[in-house]
Amino acid sequence: MIKCPSCQKKHPPNTLFCDECGAYLAAEADKRTDPLAVSEVDWMEEQDIAAVPPSPSPDKSTALKLTIRDSGRLVEFPLTKEINIGRLDAASATFPDVDLTVDGGLEKGVSRRHARITRQGEELFIEDLGSVNGTFLNGKRLTPYLPHPLQSGDEIRLGTMVLRVNVV
Amino acid sequence: MRVMTTETDYYAVLGVSQSATAQEIKKAYRTLVQRFHPDAVQEDATVSEQFYRVQEAYEVLGDPEKRAEYDRQLGKDELAGEPAIDLQVTLSHRSLSCLDEDQVFYALMEITPSPHVEVRRLPLNLCLVLDRSTSMQGLRLQRVKEATHYIIDYLDDEDILSLVTFSDRAEVVLSGQHLQDRVRVKAQVSAIRSSGGTEIFQGLQSGLIELERVRSPDMVNHLILLTDGQTYGDEEKCLLAADRASRNQIGISTMGIGQDWNDKLLDEIALRSGGTSAYIDSAAKVTSFFRDRIHSLVNVFARELRYTLDLGEEVRLKDSFLVSPYIARLQEREGGFHLGQLSSDAPTVVLLECIISPKLPGRHRLFQLELVGDVPMLGRQSERVKREVEVRFAPTRELEETVPPRIVSALGKLAIFRMQEKTMSELERGQVEQASQRLETMATRLLNIGELELAKAALLEAGRLARSGHLSPEGRKKIRYGTRSLSLLPKEVSGD
């Protein structure tokens, strides 16, 4: 039996997707950059719910908006999850939350697993996931795998692609 | 020159292959002519006969036009025994490991017209059944009229069109006929006025009568029903009409516009008759829906397509889904799993999810697949294609092999479709909280694959559900029909 990392449901070996929560199950063993393993804490069996940290109170910041400068596309995410940024690639089981393929990510040097945004308490962090062309925060290159505080109004650059951060 | 037949193989006479260039043919001809020329050899009956055969062969193969015609003829003769339907089966794993527990494997069936068949368009026997109830007034009816005008222009002279409008009763606006005076027919469409309630059965019944009058097995007989409202009290009659249509090989495609119509009824009518159902969320899209439907109708290649599975020892079928042209759960009915029509411009794709019990090393039979369908343009009934599918069991766990991306991509879409199914059944059981959470997770999955609009709809409805305990009728339809038509087109796959 294999266990869904996201909702803990058990499946026979070789199952590719969890039919309970839709998580991709074949991404196993692929270190910490695995996009689906940690991100889906909002879907759990009832007995596990107590272990989930309480969701932020509504008067605090709850959503993250990313504006992709060149394409003008705006993506919005609730801040309850970690947000993976990269390019979708089914063959290597990369399903980022923000897929920059449509914005010309490949040409602009965005890796499939490029960066992720996480929340710890009230603070947001951005972390480069060992991308080929690097993640830049307000012009400064980040050390791979070292989370760096992120604030509303910051500018992120992935390769040559620029994203504007807005916390609402 | 004799009447050209394919009894003589001209290529063999000249000793060249079918792919030989004009140059090679010329060269072969020259050599043979020199060898068999009556002047060069002694007068001999067989040699002289040979000389004329070479001449005859070269007359055809030496002329590009005649050669092309000859090749076509040759192709047709060879095709007589060839299957008209092409079936490709891809397994998720080329080999499985011997485990001491049950394991899953997936099989993708891709069905297309055989490349040898020259596809031609079948004439249509089409009936449009249009709702003209009061609620259609204004923009909706206007757009439906425009869409109908489009169809009138699109149809060929050999096609037959009939036109029925309905409210609480039905009127035949145009009785089934070849279109001669298109301007006049368009004027009749423009003159349609809205009034009254919605009784779908009235329209359906009149439409079917029109189609049955001119119905022929050499045509695509189809009814397109468009409505914007609930029908009251005649659901059962509608379903019986759909069954009758199916027996008469008439497909019914249903389209609901706005948010007040009964999606379950329209889905069931389409399912029973082998048609499709669709949700049109805004009046502006009516024409594009009509256009897509009519294009797929003129591209019908095979119909009554179905398959049966003969499972190997200790192999169980867990689920079977249609993944293209749209997503649907397939259920076994009389005659197997029904797939409806095969279009010549888009493959029909099915995904099987099976469980297999522990096996000893070696080759094991997984299943035998038999595909049956009618190919009207070749006049073939119950065309059959069979495939025996096996897999090798390796004694130890071998190197992880990658599952073909086509299968991963199809399963990714299916995973979302299944979440939608679960959400809806949870709602029916009143498990609101679970359904809301599931919708939220589904929104994330949709974002992952770049379906932004649908993700937004799912997120919105998750919130609404958590607050009010209900989905909006519009959101419900958006999610149901949206997850069903998640496209199969693979995303860009490339390295960093």
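Remember, it's a predicted structure, so these values are computed and weren't measured experimentally.

Looking now at the overall build of chain A. Counting its secondary structure elements, chain A contains zero helices and 13 strands. The secondary structure elements of chain A, listed N-terminal to C-terminal, are β-β-β-β-β-β-β-β-β-β-β-β-β. Per-residue burial over chain A gives 51% buried out of 168 residues. Intrachain contacts of chain A at a sequence separation of at least 6 include 41% that bridge at least 24 residues. Working note: accessible area of chain A is about 7,500 Å², and carbon and sulfur atoms make up 54% of it.

Let us now look at the interface of chain B and chain A. As a measure of interface size, the accessible area lost when the parts come together is often cited. At the interface, 36 residues of chain B touch 38 residues of chain A. For the pair chain B and chain A, the number of links is four salt bridges. A:E20 is the salt-bridge partner of B:R438, the closest N and O atoms lying 2.8 Å from each other. Among the elements of the structure, strand 3 (103–113), helix 11 (405–428) and helix 12 (432–448) of chain B are those that each provide at least two residues to the side of chain B that touches chain A. By residue number, the principal contributor to the side of chain B that touches chain A is helix 12 of chain B, which donates nine residues. Here the residues of the side of chain B that touches chain A sort into 15 nonpolar, 10 polar and 11 charged.

We now examine the pairing of strand 5 (residues 160–166) of chain B. Residue and element names in this part refer to chain B. When you tally the buried positions in strand 5, you get seven out of seven residues, the bulk of the element. Burial along strand 5 is two-sided: the face carrying I160, S162, V164 and F166 and the face carrying L161, L163 and T165 are both buried. Relative to strand 5, strand 4 (residues 124–131) runs parallel, the two being bridged by seven bridges. Looking across to strand 5, one finds that L128 is bridged to L163. One ladder, built from six bridges, connects strand 5 with strand 6 (residues 170–178); its direction is antiparallel. Across the sheet, the residue bridging to F166 is A170, located in strand 6.

Taken residue by residue, a regular strand's side chains alternate between the two faces of the sheet. All names here are of chain B. Across the 11 residues that make up strand 3, a large majority, 10, are buried. Taken together, the nine bridges between strand 3 and strand 15 (residues 348–356) define a ladder with antiparallel strand orientation. Considered in strand 15, the bridge of I111 is made with T348.

Here we come to the sheet that holds strand 7 (residues 113–120) of chain A. For sheets, the rule is that strands pair by backbone hydrogen bonds, running either parallel or antiparallel. Residues and elements named next belong to chain A. Judged by pairing direction, the sheet is mixed, and its five strands sit side by side in the order 6-5-7-8-11 without closing on themselves. Two strands lie at the open edges of the sheet, namely strand 6 (98–99) and strand 11 (148–150), each paired on one side alone. Sheet topology note: the strand 7/strand 8 (residues 123–128) ladder contains six bridges and is antiparallel. Its bridge partner lying in strand 8, Q120 is registered against E123.

Our next topic: the confidence of the model for chain B. Any region with low pLDDT has predicted coordinates that should not be read closely. Residues and elements named next belong to chain B. For chain B, the mean per-residue pLDDT works out to 87, and 92% of the residues sit at or above 70. Here helix 4 (residues 64–79) is the element of chain B with the lowest mean pLDDT, 72, and strand 5 is the one with the highest, 97. Scored below 50 in pLDDT, residues 1–6 shows 14 contacts in the model against residues more than four places distant or in partner chains. Confidence drops under a pLDDT of 50 for residues 488–496, and excluding neighbours within four residues, the segment shows 29 contacts in the predicted structure. The ipTM assigned to the predicted complex is 0.71, against a pTM of 0.66.

Take the environment of B:Y52 next. All names here are of chain B. You can see Y52 is positioned in helix 3 (residues 45–61). With relative accessibility at 52%, the residue Y52 sits in the exposed group. Considered as a pair, Y52 and F36 are 16 residues apart in the sequence and their alpha carbons are 9.1 Å apart.

We now examine helix 8 (residues 235–247) of chain B. Residue and element names in this part refer to chain B. With 13 residues, helix 8 extends 19 Å from end C-alpha to end C-alpha; this agrees with the ideal 18 Å at 1.5 Å per step. Three or more residues of helix 8 are buried, namely C238, L239, A241, A242 and A245. Down the axis of helix 8, the buried side of the element spans an arc of 155 degrees, and every buried residue falls inside it. In helix 8, the exposed positions angled more than 90 degrees off the buried face are occupied by E236, L240 and R247. Contacts made by the buried residues of helix 8 are with helix 7 (200–214), strand 8 (251–257) and helix 9 (263–273). Within two residues after helix 8, Q249 carries a phi angle of roughly 55 degrees, on the positive side.

Residues and elements named next belong to chain B. Tracing the sequence through the fold places E440 in helix 12. Of the residues examined, E440 reaches a relative accessible area of 30% and is grouped as partly exposed. Measuring from C-alpha to C-alpha, the distance between E440 and G463 comes to 8.3 Å, with 23 residues separating the pair along the chain.

All right, on to the state of the cysteines then. By definition, a disulfide is the covalent link that joins the sulfur atoms of two cysteine residues. Tallied over the full model, the rule gives zero disulfides over all chains. Considering cysteine sulfurs only, A:C18 is the nearest to A:C7, which forms no disulfide, with 3.5 Å between them.

Quick notes on the rules
- Residues numbered from 1 in each chain as written.
- Chains lettered and ligands numbered in written order.
- Predicted model: local features only at pLDDT ≥ 70, side-chain atom pairs only at ≥ 80, totals over all residues.
- Heavy atoms only, no water.
- Helix = DSSP H or I, 4+ residues; strand = E, 2+ residues; numbered from the N terminus.
- Buried < 20%, exposed > 50% of the residue type's maximum accessible area, 1.4 Å probe, protein only.
- Contact = heavy atoms within 4.5 Å.
- Areas by Shrake-Rupley, 256 points an atom, 1.4 Å probe, with all protein chains shown as cover.
- Salt bridge = Lys/Arg side-chain N within 4 Å of Asp/Glu carboxyl O.
- Nonpolar A, V, L, I, M, F, W, Y, C, P; charged D, E, K, R; others polar.
- Pairing = 2+ DSSP bridges.
- pLDDT = per-residue confidence, 0-100.
- Expected span 1.5 Å × (residues − 1).
- Arc of directions from axis to C-beta.
- Disulfide = S-S within 2.5 Å.

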